[in-house]
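Coordinate inspection notes
Spelled out from the first residue to the last, the chains are:
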Amino acid sequence: SMQTSSVINSIRTAIARAGVYPTWDKNLTVQFAFQSYPATDKIVYVVTGSVDENAPEDQNIGFKIVDGIIYALHSKTNGTVTTEYTTEILGIISTALYIYRIELIPNVSIKFYVNDVLKVTHTTDLPDPYYSGGGMFCIHIENTAAANKVINVQQSYYSQDMWWS
């Protein structure tokens, strides 16, 4: 569990690396369960990669919550500017606990699942295989109102083909 303070625009970020950095040129599967509350006045990222605004070459794939709306998310960089691509996932309540899974097939697709149901597939502007970095998991939460915001992440799983495969 991680939470912001009650000061507006407070931010908390946690990155799990464990000596592993995601690469975008190998098959990748990431899964975790999470919920965030209360639903409004916050921005949350639960991703593989990074959400560091000071590192424009960082890319990510995962999920983003803005004021209770959950999005499938990936970003792509050209080494100078990173662009986010999002698709709203309908019928999911951000305050409820769900199991989220992402499957990347490099240069082909990213599939986003919720409770084992395919919700979204991204096939264009996928992460550039040349750039890597960030962490196996990156959790980022910020409030947009003067109130505590909380995210609980559980049951994380990360699997990627080895670099020599």
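Everything numeric in this text was worked out from a predicted model, so none of it was measured.

**Description of the nonpolar core**
Phe32, Phe34, Phe63, Ile89, Tyr100, Ile102 and Ile151 are the most contacted members of the largest nonpolar core, which has 30 residues in total. Those elements that place two or more of their residues in this core are β3 (28–37), β4 (42–49), β5 (60–66), β6 (69–77), β8 (98–105), β9 (109–114), β11 (135–143) and β12 (150–160). Setting aside anything within four residues of it in sequence, one finds Phe32 in contact with Val46, Phe63, Tyr98, Ile99, Tyr100, Ile102, Phe137, Val153, Gln154, Gln155 and Ser156. Membership of the second largest hydrophobic core comes to 5 residues, among which are Tyr45, Val47, Val51 and Leu73.

**Quick notes on the environment of Tyr37**
Tracing the backbone through its elements, the reader meets Tyr37 in strand β3. When the C-alpha positions of Tyr37 and Gln154 are compared, they lie 15 Å apart, and in sequence the two are 117 residues distant. Discounting chain neighbours no more than four positions away, the residues touching Tyr37 are Lys42, Thr95, Lys149, Val150 and Asn152.

**Concerning the pairing of β5**
Within β5, 6 of the 7 residues are buried, leaving the element largely enclosed by the surrounding structure. Note: β4 against β5, 7 bridges, orientation antiparallel. Bridging across to β5, Ile43 finds its partner in Val66. In this structure, β5 lies alongside β6, joined through 6 bridges in antiparallel fashion.

**Points about the pattern of salt bridges**
Scanning the entire structure with this criterion turns up 3 salt bridges. Here Glu103 ties to Arg101 by a salt bridge, and the two come within 3.0 Å at their closest N and O atoms. We classify Glu103 as partly exposed; its relative accessible area is 25%. For the salt bridge of Arg101 with Asp116, the shortest nitrogen-to-oxygen distance reads 2.7 Å. Taken together, the positions of Arg101 in strand β8 and Asp116 in the loop between β9 and β10 (117–122) put the pair 15 residues apart, joining distant regions of the chain. Given a relative accessible area of 14%, Arg101 falls into the buried group.

Analysis parameters
- Residues numbered from 1 in each chain as written.
- Predicted model: local features only at pLDDT ≥ 70, side-chain atom pairs only at ≥ 80, totals over all residues.
- Heavy atoms only, no water.
- Core = buried A, V, L, I, M, F, W, Y, C linked by side-chain atoms within 4.5 Å.
- Buried < 20%, exposed > 50% of the residue type's maximum accessible area, 1.4 Å probe, protein only.
- Helix = DSSP H or I, 4+ residues; strand = E, 2+ residues; numbered from the N terminus.
- Contact = heavy atoms within 4.5 Å.
- Pairing = 2+ DSSP bridges.
- Salt bridge = Lys/Arg side-chain N within 4 Å of Asp/Glu carboxyl O.

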